[in-house]
Amino acid sequence: MMAGGAADWDDGGKTARFKALALPHLDELYTLARYLLRSRSDADDAVQECYLRAFRHFDTFRGGPIKPWLLAILRNACHATYAGSARLVYTADSAADDGVRPPLWSEAGDSPEQTILRRHSTDTMRRLIGELPAEFREVIVLREINDLSYRDIATVIEAPIGTVMSRLSRARTMLREAWIAAEGEGEAP
Amino acid sequence: MNCDEANVLMHALIDGELDAGHAREVEDHIAVCPVCAARLREFTEFRQAMNPAALRHAAPASLRARIEGKLPAPQAAASRRSVIKGFAFGATASALAASGLLAMVMRGDDDRRVLGEVVSAHLRSLQAQHLTDVVSSDQHTVKPWFNGRLDVAPPVVDLTALGFTLLGGRLDYVDAKPVAAIVYRRRVHVINLFCAPAAGATRRKAAMESLHGFNVRRWTENGLNLWAVSDINAEELTEFGEKFEAGLRG
């Protein structure tokens, strides 16, 4: 009944409401997609698919915070992209080839050396997060980068809060160990 | 509590997700266990080194344009009725979800529930023709009106010159406790500013949340919890909050 995209009609401001509620979360959705998927264009496609699906099902959204609802749809879209493959893979891409945004972390007063050091450690951290197994990677991204509560993470990954807690504890342990190993190789400051 | 439990729960402690009782149990264990104490310190330091802002990815502008292009063109704004209907559904769904939740009490649950209540109070004020108990654009009339009606003196700031007209004040109820509602108007939009004594922290940074299409800016200052609720956009509500805070400091 709705070929192609979402719909060609708009019943009394549905689009306006949807945009006002959903579009402010674009960067957070994109961040999760980038960490879950191997390429930038796959991330673009998954996020677009997520918004179109969310719009189609917006009538079934029963209030509450919209962010976890959207992230759950995105996560399913990412899994669909990689249906058939064993698990979501991630290839590190550095901030250097990002090209779309200035480095947020160059704070006033940084010397050029500090700036390089910070960029270096950010690249390392991104890579290390990307190397975590998908089920640990997603809780790290949702908690540390997207700042979700445990309850919201539980909604997104469709698991009990107890699972969120134990995964996060393992994920942080793994990430910290990888970070220390990288430090040992002289990679991180 | 043993070390295995503490190893998991200390993360919830770091994240501020434990209720007071469980937090106390973890802290008691850490006080007597140097291994877990060291671990907690390591994780706290590690998180400080994370720099989340730098780890984010910004969506390219072309992606936003592509998504907006695929959505149908907007027509009229949502009717108040449909928003209220959605809200009633939302409340039922939340109540059902809440009843099935696991026993551990999370701080976030409480915040979320109170958020629902302030939005609900905002909606009631618009529906029931009961926006104000005291009608005045004079802060020196509105503020004393609350004397004897509440055990706090709510701050009332005149922001008329800054584009937010003071309409008056009202006594309302949030979380089964009486609160002050100070009512402002921005063009045709009503802003309810709810104000109640804060139990814990005396200061908490402002956070913007949205529920059922309403924006809520909440913050804590001078031992008071404040919630500004309105259907104006987040930017304007932030502006309102910032001007109100600035006005408070004189």
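Anything mentioned here points back to the structure above.
Cut-offs and rules
Residues numbered from 1 in each chain as written. Chains lettered and ligands numbered in written order. Predicted model: local features only at pLDDT ≥ 70, side-chain atom pairs only at ≥ 80, totals over all residues. Heavy atoms only, no water. Helix = DSSP H or I, 4+ residues; strand = E, 2+ residues; numbered from the N terminus. Buried < 20%, exposed > 50% of the residue type's maximum accessible area, 1.4 Å probe, protein only. Contact = heavy atoms within 4.5 Å. Areas by Shrake-Rupley, 256 points an atom, 1.4 Å probe, with all protein chains shown as cover. Pairing = 2+ DSSP bridges. Expected span 1.5 Å × (residues − 1). Polar contact = N/O pair within 3.5 Å; in protein donor to acceptor, adjacent residues only side chain to side chain. Salt bridge = Lys/Arg side-chain N within 4 Å of Asp/Glu carboxyl O. Axes fitted to C-alpha atoms, helices over the stretch in contact; angles between N-to-C directions. Parallel < 35°, antiparallel > 145°, perpendicular 65-115°, else oblique. Left-handed = near helix turned anticlockwise from the far one by under 90°. Nonpolar A, V, L, I, M, F, W, Y, C, P; charged D, E, K, R; others polar. Core = buried A, V, L, I, M, F, W, Y, C linked by side-chain atoms within 4.5 Å.

Trainee: An account of the overall build of chain A is requested, with residue identities and associated values reported.
Mentor: Across its full length, chain A holds eight helices and zero strands. Counting from the amino terminus, helix and strand elements in chain A follow one another as α-α-α-α-α-α-α-α. Across the 189 residues that make up chain A, the buried fraction comes to 52%. Relative to all contacts within chain A whose residues are 6 or more apart in sequence, the contacts with residues 24 or more apart total 68%. Split by element, the accessible area of chain A, about 8200 Å² in all, is 52% carbon and sulfur.

Trainee: Break down the overall build of chain B for me, citing the residues and quoting the values.
Mentor: Each helix and strand counted, chain B has nine helices and seven strands in total. Nonlocal contacts in chain B, meaning residues at least 24 apart in sequence, comprise 61% of its contacts between residues at least 6 apart. If you sum the accessible surface of chain B, you get close to 12500 Å²; carbon and sulfur atoms cover 54% of it.

Trainee: Explain the sheet that holds strand β4 (residues 189–197) of chain B to me, using residue names and the numbers behind them.
Mentor: Residue and element names in this part refer to chain B. Strands sit in the order β1-β2-β3-β4-β7-β6-β5 across an open sheet of seven strands; the sheet is antiparallel. The open sheet is flanked by β1 (134–135) and β5 (204–211), the only strands paired with a single partner. Relative to strand β3 (residues 177–186), strand β2 (residues 165–174) runs antiparallel, the two being bridged by nine bridges. Within β3, the position partnered with V174 by the bridge is K177.

Trainee: Account for helix α1 (residues 3–14) of chain B, naming residues and giving values.
Mentor: Taking 1.5 Å as the rise per residue, α1 of chain B with twelve residues should run 16 Å; its terminal C-alpha atoms sit 16 Å apart, in good agreement. Those residues of α1 of chain B that sit buried are A6, N7, L9, M10, H11, A12 and L13 of chain B. Of the surrounding elements, those touching the buried residues of α1 of chain B are α7 (150–157) and α8 (161–184) of chain A together with α2 (20–32) and α3 (34–48) of chain B. Two or three places before D4 of chain B, at the opening of α1 of chain B, N2 of chain B has a side-chain oxygen 3.1 Å from that residue's backbone nitrogen. Downstream of α1 of chain B by one or two residues, G16 of chain B has phi in the positive range, about 65°.

Trainee: How would you summarise the pairing of strand β6 (residues 214–221) of chain B if you had to cite specific residues and measurements?
Mentor: All names here are of chain B. The element β6 is largely enclosed, with a buried count of eight among its eight residues. Along β6, one buried face is formed by F214, V216, R218 and T220 and the opposite face, lined by N215, R217, W219 and E221, is buried too. Across six bridges, the pairing between β5 and β6 is antiparallel. Along β6, the bridge assignment pairs M208 with R217.

Trainee: A description of the environment of S230 of chain B should follow, citing residues and the corresponding values.
Mentor: Residue and element names in this part refer to chain B. Its location among the elements puts S230 in strand β7 (residues 224–230). S230 gets classed as buried once you look at its relative accessible area, which sits at 0%. Taking the C-alpha atoms as reference points, S230 and H122, 108 residues apart in sequence, are found 7.7 Å from one another. In contact with S230, other than residues within four places in its own chain, are H122, H189, V190, I191, F214, N215 and L237. Polar side-chain contacts of S230 include one of 2.9 Å to the backbone oxygen of V190.

Trainee: Lay out the pattern of salt bridges in plain terms, naming residues and giving numbers.
Mentor: A complete count under the given rule lists 23 salt bridges over all chains for this structure. Two residues, R143 of chain A and D147 of chain A, come together in a salt bridge whose shortest N-O distance is 3.4 Å. In this structure, R217 of chain B engages E245 of chain B in a salt bridge whose closest nitrogen and oxygen atoms are separated by 3.0 Å. In this pair, R217 of chain B is assigned in strand β6 and E245 of chain B in helix α9 (residues 234–248), connecting sequence segments 28 residues apart. Its relative accessible area of 6% is what places R217 of chain B among the buried residues. Judged by relative accessible area, which is 11%, E245 of chain B ranks as buried. Linked through salt bridges whose partners overlap, the residues forming this network are R143, E144, D147 and R172 of chain A together with D15 and R47 of chain B.

Trainee: Describe in detail the packing of helix α2 (residues 26–36) of chain A against helix α6 (residues 134–145) of chain A, supporting the description with residues and values.
Mentor: Residue and element names in this part refer to chain A. The interhelical angle for the contact between α2 and α6, taken along N-to-C directions, is 150°, at an axis separation of 10 Å. As the angle between them shows, α2 and α6 are arranged roughly antiparallel. Pair α2 / α6 crosses with right-handed handedness. Across from T31, L32, Y35 and L36 in α2, the residues of α6 making contact are R137, E138, V141, L142 and I145. Broken down by class, the residue content of the contact of α2 with α6 amounts to six nonpolar, one polar and two charged.

Trainee: Describe the side chain of H29 of chain B, and please don't skip the residues or the numbers.
Mentor: As for its placement among the helices and strands, H29 of chain B is situated in helix α2. The exposure class assigned to H29 of chain B is buried, which follows from its relative accessible area of 11%.

Trainee: Give me the nonpolar core: which residues, what numbers.
Mentor: V47, Y51, L74, I129 and L175 of chain A are the most contacted members of the largest nonpolar core, which totals 75 residues. Excluding its chain neighbours within four sequence positions, the residues that come into contact with L74 of chain A are L29, L32, A33, A46, V47 and C50 of chain A. In terms of nonpolar packing, the next biggest core, distinct from the first, is built from 25 residues, L150, L166, Y184 and I232 of chain B among them.

Trainee: Any details on unusual backbone geometry? Residues and values, ideally.
Mentor: Residues and elements named next belong to chain B. A positive phi angle, close to 55°, is found at N51, a residue other than glycine. Checked against the element boundaries, N51 lands in the loop between α3 and α4 (52–55). Judged by relative accessible area, N51 falls into the partly exposed class, the value being 24%. At N222, a position not held by glycine, the phi torsion is positive, near 50°. Summarising the element assignment, N222 is placed in the loop between β6 and β7. Residue N222 is classed as exposed on the basis of its relative accessible area, which comes to 64%.

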